[in-house]
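Chain by chain, the residues run as shown.
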Amino acid sequence: MFDVAKIRQDFPVLKRMMEDKPLIYFDNAATTFKPQAVIDAVTNYYVNESVNIHRGDYALSHDVSNHFDNVRKQVADFIGASQKEIVFTSGASEALNIVANGYGMKYLKEGDVILTTEAEHASNILPWFNVAKKTGAIVEYIPMDSEGRLTIEDVQSVLHNRVKVIVIAHVSNVLGYVNPMKEISQLAHEIGAIVVCDGAQSVAHMPIDVKNLDVDFFGFSAHKMCGPTGVGVLYGKYELLEMSDPLLYGGGSNARFNTCGDVLLKHSPDKYESGTRNIEGVLGFGAAIEYLDSIGMEKIAEIERELHQYLMSKLKELDNLIIYNPEADTAITAFNVKGIFAQDVAAYLSTFGIACRAGNHCAKILLEVLGTNETLRCSLYFYNTKEEIDTFVDVLKDITLEKTIDMYL
Ligand SMILES: Cc1ncc(COP(=O)(O)O)c(C=O)c1O
């Protein structure tokens, strides 16, 4: 049985107060809190292990190497991949950059098309702008409806045989819509294109099976799923990882090299993991996956759905709000308070201990589509409660422009 009060005990930061008010954290799309088990795993590395991996011919190094390699297996199982398809990176941004640089730069040529959406996070689209600039490829956009949602018919309407790569987020970090990746992959593969999927906002919130989605690459970050910062994953189909180039060259990734500059790289994933990895981060990530698995991803999705429905039912009663995605598929709500600057609303919420993001959320083109320069974003996770939502709604109900001005006096 899921007991939120018990779950909250696992997260030390949830015990902290902001002045005299309990912290209410609604910025989970930016990063999530870490349970004690993750903190312990990171600390345990420094206290009891502290050695490098895959290099030392002594027992401690072997032990830590095994522990590290087991996390690769955990990640593979978590998303339905095989271990050699899991590359550890510093985060989703690095994972997505590896694909753009290692596949896009190598295989795209003038006139080829990179198809994407106007809702992408900077980390998913800027690497491809760079590829387009350097190769002469062209970036085209899939149209979205006025609420920023994308349908399979929209994708179909702009597909043609010069499209070589489709770059798309599984879940939009501003609007919380789940894009139909399985169907998109099928359409892409029919014309010989590959699909690069930004999974940063999906993998923490629902069960993921990359083989079923049939995407070619999938990137995500540990810190958005209860894990440490500085760790992420690039999943790629093995043959694509083998034909692409790494972003970094150095120790650990090569089998041999000589004075002529001939380098023989190892196979994936080693060829992408030059240099000493974020060992403690990966070990902490293993603890995060174990923690999420102990609750169950289906259960997490169900809890978030329930919290989201509760939030929406309350927010819809307020007439001072504009909600941009009332039908979001995940627990992300983009909104504004009529007549009050989003950042001022966020600062006002903060005086009640509530952490809620305001701005463009790194998806700068999307806000042009929605017709606003910034929004507030409330993003929930399984450790949030209906009581927290009640407090949030009460503050929004009473907010006025005068109160937000008074706050600065
Ligand atoms: C949709 C999406 N993609 C990519 C990223 C980048 O993740 P990171 O900063 O962990 O590399 C984020 C982070 O907010 C995101 O929301």
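Residues numbered from 1 in each chain as written. Predicted model: local features only at pLDDT ≥ 70, side-chain atom pairs only at ≥ 80, totals over all residues. Heavy atoms only, no water.

(A) Representation of unusual backbone geometry within the structure. With an omega dihedral of 5°, the bond running from Ser268 to Pro269 counts as a cis peptide bond. If you check the backbone angles, His54 has positive phi at about 60° while not being a glycine. Within the element layout of this structure, His54 appears in the loop between α2 (36-49) and α3 (59-79). Residue classification places His54 among the partly exposed positions, given a relative accessible area of 46%. Here the phi dihedral of Cys226 falls at roughly 75°; this positive angle occurs in a residue that is not glycine. You can call Cys226 buried: its relative accessible area is 0%. (Helix = DSSP H or I, 4+ residues; strand = E, 2+ residues; numbered from the N terminus. Buried < 20%, exposed > 50% of the residue type's maximum accessible area, 1.4 Å probe, protein only.)

(B) Structural detail: the pairing of strand β5 (residues 113-116). Side chains Val113 and Leu115 of β5 all project onto a buried face; the interleaved residues Ile114 and Thr116 project onto the opposite face, where all are buried too. Relative to strand β6 (residues 138-141), β5 runs parallel, the two sharing four bridges. The residue bridging Ile114 from the neighbouring strand is Val139, located in β6. With three bridges joining them, β5 and strand β7 (residues 163-169) adopt parallel strand pairing. Looking at the pairing, Leu115 lines up with Ile166 of β7. (Pairing = 2+ DSSP bridges.)

(C) Structural context of the packing of α3 against helix α10 (residues 279-295). Relative orientation of the contacting elements α3 and α10 amounts to 45°, with a least axis distance of 9 Å. Overall, the two elements α3 and α10 adopt an arrangement that is oblique. In terms of crossing hand, the pair formed by α3 and α10 is left-handed. Between α3 and α10, the residues in contact are Val64, His67, Phe68, Val71, Gln74, Val75 and Phe78 and Ile279, Val282, Leu283, Phe285, Gly286, Ile289, Glu290, Leu292 and Asp293, respectively. Looking at the contact of α3 with α10 residue by residue, the class counts come to eleven nonpolar, three polar and two charged. (Axes fitted to C-alpha atoms, helices over the stretch in contact; angles between N-to-C directions. Parallel < 35°, antiparallel > 145°, perpendicular 65-115°, else oblique. Left-handed = near helix turned anticlockwise from the far one by under 90°. Contact = heavy atoms within 4.5 Å. Nonpolar A, V, L, I, M, F, W, Y, C, P; charged D, E, K, R; others polar.)

(D) Spotlight on the domain arrangement of the protein. Under the domain assignment, the protein is made up of domain 1 (4-30 + 296-406) and domain 2 (39-294). Centre-to-centre separation of domain 1 and domain 2, based on C-alpha positions: 29 Å. A buried area of about 2700 Å², summed over both sides, lies between domain 1 and domain 2, and 60% of it is on carbon and sulfur atoms. Counting across the domain 1 and domain 2 interface gives one salt bridge. At the surface where domain 1 touches domain 2, the tally comes to 15 residue pairs in polar contact (both at pLDDT 80 or more). Breaking the side of domain 1 that touches domain 2 down by element, the ones donating at least two residues are α11 (297-315), β14 (332-337), α13 (364-370) and β17 (375-379). By residue number, the principal contributor to the side of domain 1 that touches domain 2 is α11, which donates five residues. (Domains from an automatic or database assignment. Buried area = accessible area lost by both parts, 1.4 Å probe. Salt bridge = Lys/Arg side-chain N within 4 Å of Asp/Glu carboxyl O. Polar contact = N/O pair within 3.5 Å; in protein donor to acceptor, adjacent residues only side chain to side chain.)

(E) Representation of the nonpolar core within the structure. Ranked by internal contacts, the top residues of the largest apolar core, which has 110 residues, are Ile79, Met225, Phe285, Phe382, Phe392 and Leu396. Here the element with the most residues in this core is α10; it accounts for ten residues. Viewed by domain, this core spans two of them, domain 1 (4-30 + 296-406) and domain 2 (39-294), each represented by three or more residues. Those residues in contact with Phe285 that lie beyond four places of it in its chain are Val71, Val75, Phe88, Phe220, Ala222, Met225, Pro228, Val231 and Val233. Formed by 22 residues, the second largest nonpolar core is a distinct cluster that contains Ala100, Val196, Phe217 and Leu241. (Core = buried A, V, L, I, M, F, W, Y, C linked by side-chain atoms within 4.5 Å.)

(F) Focus on the site of the ligand. In the vicinity of the ligand, the contacting residues are Ala92, Ser93, His121, Ser123, Asn173, Asp198, Ala200, Gln201, Ser221, His223 and Lys224. Between an oxygen atom of the ligand and a side-chain N or O atom of His223, the distance comes to 2.7 Å. Expressed as a share of its isolated accessible area of 390 Å², the protein-covered part of the ligand is 85%. Here the shell around the ligand is built from residues that sort into two nonpolar, seven polar and two charged. (Near = heavy atom within 4 Å. Areas by Shrake-Rupley, 256 points an atom, 1.4 Å probe, with all protein chains shown as cover.)

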